[in-house]
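Listed here are the chains, written in short residue letters.
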Amino acid sequence: MTELSTRIVTLCLAATVAACGDGSTGPSATTTVPGSEPTAPVDPPAEPAPNEPGDPECAESFDSTFEAIQSIVFERRGCTAQVCHGGAAAGGLDLSADVAYASLYDQPGQIADMPLVQPGRTNNSLLFLKLAAATQPDRFDVAGATMPNGQEPLSEDELELIRLWIYSGAPEDGVIQSTIALIDACLPDPSPITIEPLPPPAPDEGVQFVMPQFTLEASSETEICFASYYDFTDEVPDRYKDPTGTMFRYKGFDMRQDPQSHHLILFAPGVPPDRVHDPAYGEWTCASGARAGETCEPTDSTSCGDGICASALQVGTCFGYGPSDFSASVDPVDVQGIGGAQRAQLYTEFGDGVYAEIPLRGLIYWNSHAFNLTPEDHRMNARLNYLFADEQDHVSIPIPVHFGSLYQAAGTPPFTEARYCNSMTFERGTRITEITQHTHRFGKHFEAWLPDGSKFYENLVYNDPVVLRLDPPLAFDSEDPAERTIEFCGLFNNGVADDGSPDPETVTRSSRTPENQLRSSGACEPVACAEGDVGAPCRGVGDDATCDSSPGAGDGFCDACAIQAGVSTENSMFLLLGRVYLTDPD
């Protein structure tokens, strides 16, 4: 079996985040960080939000997620004691309430080449690694003492509280919805989070794509596609251009966006730049800035002043978007995905000598799928830094979409579980450098196996999937196709509670069909009761009397459906994803 990679970050004997307790650092060690961020739900819990601060039922209350962390983790765990990270500021870090945030946020470590808290990136935040190495020693092994030193490690919930705070941008104010269930206190209503913008790379290191802003309406789920125009011709040094001088080569990218995102995918559609004014794109308008809403010229970067020019929005995916006479815009196989992820934040590099290419100028499609479960509208932000490839030996390409499995779970009846399996055979000479997956909320357990039958990938949380990087890459050179075939399976749950009983809150519901699904294919046809005699069969919308718990009770509701095919997270999705390169591109 090919050895799976881990990303090794070597820290020095002492770290800026000096451990609380006796202050000893212990022997030098290595921090082993798996090639993916730890996984956990980023969607809000199903239970109602807590009461407002000041409510008499509140044992305690906090004004923000960070204020809760200050109390629950830093203060109760003794880290703000005078001799630790209080007035003594051990290791140069003061976690006293009035300075803790400023001491942590995007601040460099004194020794380790890693910030204490980097917004969006837990695996590059020394605070998290120091805490995680104590709570999860089987996953993290940090140099020096773990935190809190000499005391009990953080609980899994406390560590997850820190992780979700960092992953969501480490805001000082506001409540992160996904942390509510981890905080036994009263909090204000959550509001949308705007993450600190990702700084652009140095001119000789890469270029930055900035997504035109769009409005994510309150209490909504939205998937949209739109276009923008870019031109990096004069920004990319010649050594990073391909021999034709029309493409630039990159080794990976860093994506940072507001944590409301479910996924963000960028496409290079291959539409010639001179087709930018095709009527299919609708009216181009400024998406932000002082000229927001005004008509703009997409090829003029100054047309919107401090804003960005964007095409008209299309509800749904980017397949079929753009000029109808251009095949790449209507055939999903020919549309090149050049970046993004099935999660809110991602940093990835393809491996030594591996690169991909993007046109120096042209149209780019933005496919954003996002949630806003707060009562406020929000302007979504996203940035991607593409890092130039110094070594240019092998061309990286995405694993092709396996359309045979895409909607395989569609039709799973209400209040049942089902396991679906499929396989993918790779070309001889393939080198797999990265594996991940994409399922929607019904996908509870995703697994993948190598040709020898050994499991090498597993994911339990659909909206924060493991991104597994393989270094050295997984090599498929056999003449036998069976030895170049990966098996993958997914367990899908359509409304079965942990105890095996019907769960009307997690089953597909016709009355809860998101707006984007209603517009694309309509509501599903109910076949089971979601209220009253829960789980009993019924005959569609309006057949509520059949669902009454007793004749004439009037408490029945025929509303539960089979899993549907579609784009909403209320629908089926089942994909093996990743990146590969070929040793013989021909």
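Here, every reference points to the structure presented above.
Predicted model, so just to flag it, every value in this text is computed and none were measured.

Right, let's get into the sheet that holds strand β25 (residues 508-509). Hydrogen bonds between backbone groups are what pair the strands of a sheet, and the pairing can be parallel or antiparallel. Taken together, the three strands give an open sheet; going across it, the order is β25-β27-β26, and neighbouring strands pair in antiparallel fashion. Two strands bound the open sheet, and with one partner strand each, they are β25 and β26 (528-531). The sheet contact formed by β26 and strand β27 (residues 557-561) spans three bridges and is antiparallel. Within β27, the position partnered with Cys529 by the bridge is Cys558.

Applying the stated criterion across every chain, the model contains seven disulfides. At a sulfur-sulfur separation of 2.1 Å, the disulfide partner of Cys225 is Cys318. Negative torsions about the S-S bond denote left-handed disulfides, and the value of about 105° found for Cys225 with Cys318 makes this one right-handed. Of this pair, Cys225 sits in strand β5 (residues 220-231) while Cys318 sits in the loop between β10 (314-315) and β11 (336-341), and the two are 93 residues apart along the sequence. Comparing Cys225 with Cys318, the two get one shared label, buried. Paired through a disulfide, Cys421 and Cys489 show a sulfur-sulfur distance of 1.9 Å. With the S-S dihedral at roughly 110°, the linkage between Cys421 and Cys489 falls on the right-handed side. Of this pair, Cys421 sits in strand β19 (residues 416-425) while Cys489 sits in strand β24 (residues 485-494), and the two are 68 residues apart along the sequence.

If you add up the space inside the second largest pocket, you get close to 1,200 Å³. Forming the boundary of the second largest pocket are 46 residues, of which Ile265, Phe267, Gly337, Val401 and Leu577 lie nearest the centre. Those elements that provide at least two residues to the lining of the second largest pocket are β6 (247-257), β7 (261-268), β11, β13 (354-359), β18 (397-398), α5 (403-406), β20 (430-439) and β30 (574-582). Here the lining of the second largest pocket gets six residues from one element, more than from any other, and that element is β11. When grouped by side-chain class, the residues that make up the lining of the second largest pocket number 28 nonpolar, 13 polar and five charged.

Relative orientation and spacing of two packed helices are given, respectively, by the angle between their axes and the distance between those axes. At a minimum axis distance of 11 Å, the contact between helix α1 (residues 65-75) and helix α4 (residues 156-167) shows a crossing angle of 150°. The orientation of α1 relative to α4 falls into the category roughly antiparallel. For the pair α1 and α4, the sense of crossing is left-handed. Across the interface between the two elements, Thr65, Phe66, Ile69, Ile72 and Val73 from α1 touch Glu158, Leu161, Ile162 and Trp165 from α4. Taken together, the residues of the contact of α1 with α4 break down into seven nonpolar, one polar and one charged.

The subject of this paragraph is the pairing of β7. Among the eight residues that make up β7, eight are buried, leaving the element largely enclosed by the rest of the structure. Pairing geometry for β7 and strand β14 (residues 361-372), over six bridges, is antiparallel. The residue bridging Ser261 from the neighbouring strand is Ala370, located in β14.

The subject of this paragraph is the pattern of salt bridges. Within this structure, the stated rule accounts for 20 salt bridges. A salt bridge links Arg76 to Glu60; the nearest nitrogen and oxygen atoms lie 2.5 Å apart. Of this pair, Arg76 sits in the loop between α1 and α2 (100-104) while Glu60 sits in the loop between β2 (31-34) and α1, and the two are 16 residues apart along the sequence. Here Arg419 makes a salt bridge to Glu447, at a shortest N to O gap of 3.7 Å. Residue Arg419 is located in strand β19, and its partner Glu447 is located in strand β21 (residues 443-449); the two are separated by 28 residues in the primary sequence. Accessibility expressed as a relative area gives 11% for Glu447, which makes it buried.

Conventions used here
- Residues numbered from 1 in each chain as written.
- Predicted model: local features only at pLDDT ≥ 70, side-chain atom pairs only at ≥ 80, totals over all residues.
- Heavy atoms only, no water.
- Pairing = 2+ DSSP bridges.
- Helix = DSSP H or I, 4+ residues; strand = E, 2+ residues; numbered from the N terminus.
- Disulfide = S-S within 2.5 Å.
- Buried < 20%, exposed > 50% of the residue type's maximum accessible area, 1.4 Å probe, protein only.
- 1 Å grid on protein atoms, 1.4 Å probe; cavity = no way out; pocket = protein on both sides within 12 Å on 5 of 7 lines; lining within 4 Å.
- Points joined across faces, edges and corners; volume = space filled by probe spheres on them.
- Nonpolar A, V, L, I, M, F, W, Y, C, P; charged D, E, K, R; others polar.
- Axes fitted to C-alpha atoms, helices over the stretch in contact; angles between N-to-C directions.
- Parallel < 35°, antiparallel > 145°, perpendicular 65-115°, else oblique.
- Left-handed = near helix turned anticlockwise from the far one by under 90°.
- Contact = heavy atoms within 4.5 Å.
- Salt bridge = Lys/Arg side-chain N within 4 Å of Asp/Glu carboxyl O.

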